[in-house]
Amino acid sequence: MKKIVITYGTFDLFHVGHVRLLKRLRALGDSLIVGISSDEFNAMKGKKSFFSYEERKEILLSCKYVDDVFPENNWEQKRSDIIKYGASIFGIGDDWKGKFDELSDICEVIYLERTESVSTTDIKKELSKISSQECEQLEASLHAALNIIKTVKKAF
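Since the structure is predicted, the reported quantities are computational estimates derived from the model, not experimental observations. (Residues numbered from 1 in each chain as written. Predicted model: local features only at pLDDT ≥ 70, side-chain atom pairs only at ≥ 80, totals over all residues. Heavy atoms only, no water.)

1. Some words on the sheet that holds strand β2 (residues 31-37)
If you trace the five strands from one edge of the open sheet to the other, you get β3-β2-β1-β4-β5, paired in parallel fashion. Both outer strands of the open sheet, β3 (68-72) and β5 (108-112), are each paired with one neighbouring strand and no more. Strand-to-strand twist of the sheet, defined as the mean angle between neighbouring strand axes without regard to direction, takes the value 25 degrees. With five bridges connecting them, strand β4 (residues 89-93) and β5 associate as parallel partners. Note on β5: the bridge partner recorded for G93 is L112. Against the sheet, helix α1 (residues 16-26) touches β1 (4-9), β2, β4 and β5, its axis set at about 140 degrees to β2. (Pairing = 2+ DSSP bridges. Helix = DSSP H or I, 4+ residues; strand = E, 2+ residues; numbered from the N terminus. Axes fitted to C-alpha atoms, helices over the stretch in contact; angles between N-to-C directions. Contact = heavy atoms within 4.5 Å.)

Right, here's the structure in full:
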């Protein structure tokens, strides 16, 4: 029987910490599915992503460790998602340690160590120090990189 791992996150400004977490999660099973915080859910949490849900979805689907993604629209959906997707493992970064232990009645709950010195919040803080012109240039570069990902994906 296929062992499915499920995780959740915003996955904005995709970075090496995300890659390492997804790689370790995927190694726990045969398939990794990811609930990505929708733009609306982020707004309810008082957060705004640089990339839209659709862009973050496309980025994650291009990652070789991710088999499927779906929108996370609220905190309460995790239990029903685990059942819906038949996940046997719920894994997430250890910054959430203890927050999802109640799910252990339906699956194994694993908290994985985060990559040190890398966080989207820290990246955003550093970027906020950049001038508006530099920020516009960086935004153009990031969207150009996304277009390259789209092109490469189409080639395969």
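There's plenty left to go through after this.
2. Some points on the nonpolar core
Core analysis: the largest hydrophobic core is formed by 17 residues, its most contacted members being L22, L25, L32, V34, L60 and V66. Listing elements by their share of this core, those giving two or more residues are α1, β2, α3 (53-61) and β5. Apart from residues no more than four positions distant in its own chain, L22 is found in contact with T7, F11, F14, L32, V34, L60, C63, Y65 and V66. Core analysis: the next-biggest nonpolar cluster, separate from the first, contains 14 residues, I82, I92, F100 and Y111 among them. (Core = buried A, V, L, I, M, F, W, Y, C linked by side-chain atoms within 4.5 Å. Buried < 20%, exposed > 50% of the residue type's maximum accessible area, 1.4 Å probe, protein only.)

3. Some thoughts on a positive patch on the surface
A contiguous patch of positive charge on the surface is contributed by R20, K23, R24 and K64. Relative to the helices and strands, K23 is located in helix α1. (Patch = residues over 30% accessible without salt bridge, like charges linked within 9 Å, V, L, I, M, F, W, Y side chains within 5 Å. Areas by Shrake-Rupley, 256 points an atom, 1.4 Å probe, with all protein chains shown as cover. Salt bridge = Lys/Arg side-chain N within 4 Å of Asp/Glu carboxyl O. Lys, Arg positive; Asp, Glu negative; His and termini not counted. Charge placed at Lys NZ, Arg CZ, Asp CG, Glu CD.)

4. Notes on a nonpolar patch on the surface
Among the surface-exposed residues, I148, V152 and F156 lie close enough to one another that they form a single nonpolar patch of about 380 Å² accessible area. For V152, the location among the structural elements is in helix α6 (residues 132-155). Overall, the relative accessible area of 42% leaves V152 in the partly exposed class.

5. Thoughts on the packing of aromatic side chains
For the coordinates displayed, the defined rule picks out eight aromatic pairs. Considering the side-chain rings of Y8 and F90, the 5.9 Å spacing of their centres and the 40 degrees angle between planes classify their relative orientation as tilted. Note that Y8 is positioned in strand β1 and F90 in strand β4, a separation of 82 residues in sequence. There is no split in this pair, since Y8 and F90 are both buried. Centre to centre, the rings of F70 and Y85 are 4.8 Å apart; their planes meet at 25 degrees, and the pair counts as stacked. Of this pair, F70 sits in strand β3 while Y85 sits in helix α4 (residues 78-85); the two residues are 15 residues apart in sequence, bridging distant segments of the chain. Here F70 falls in the buried class, since its relative accessible area comes to 6%. Grouped by ring-pair contacts, the aromatic residues Y8, F41, F70, W75, Y85, F90, W96 and F100 constitute a single cluster. We note K78 situated over the ring of Y8; from NZ or CZ to the ring centre the distance is 4.5 Å. (Phe/Tyr/Trp six-rings, centres within 6.5 Å; stacked < 30°, edge-to-face > 60°. Lys NZ or Arg CZ within 6 Å of the ring centre and 35° of its normal.)

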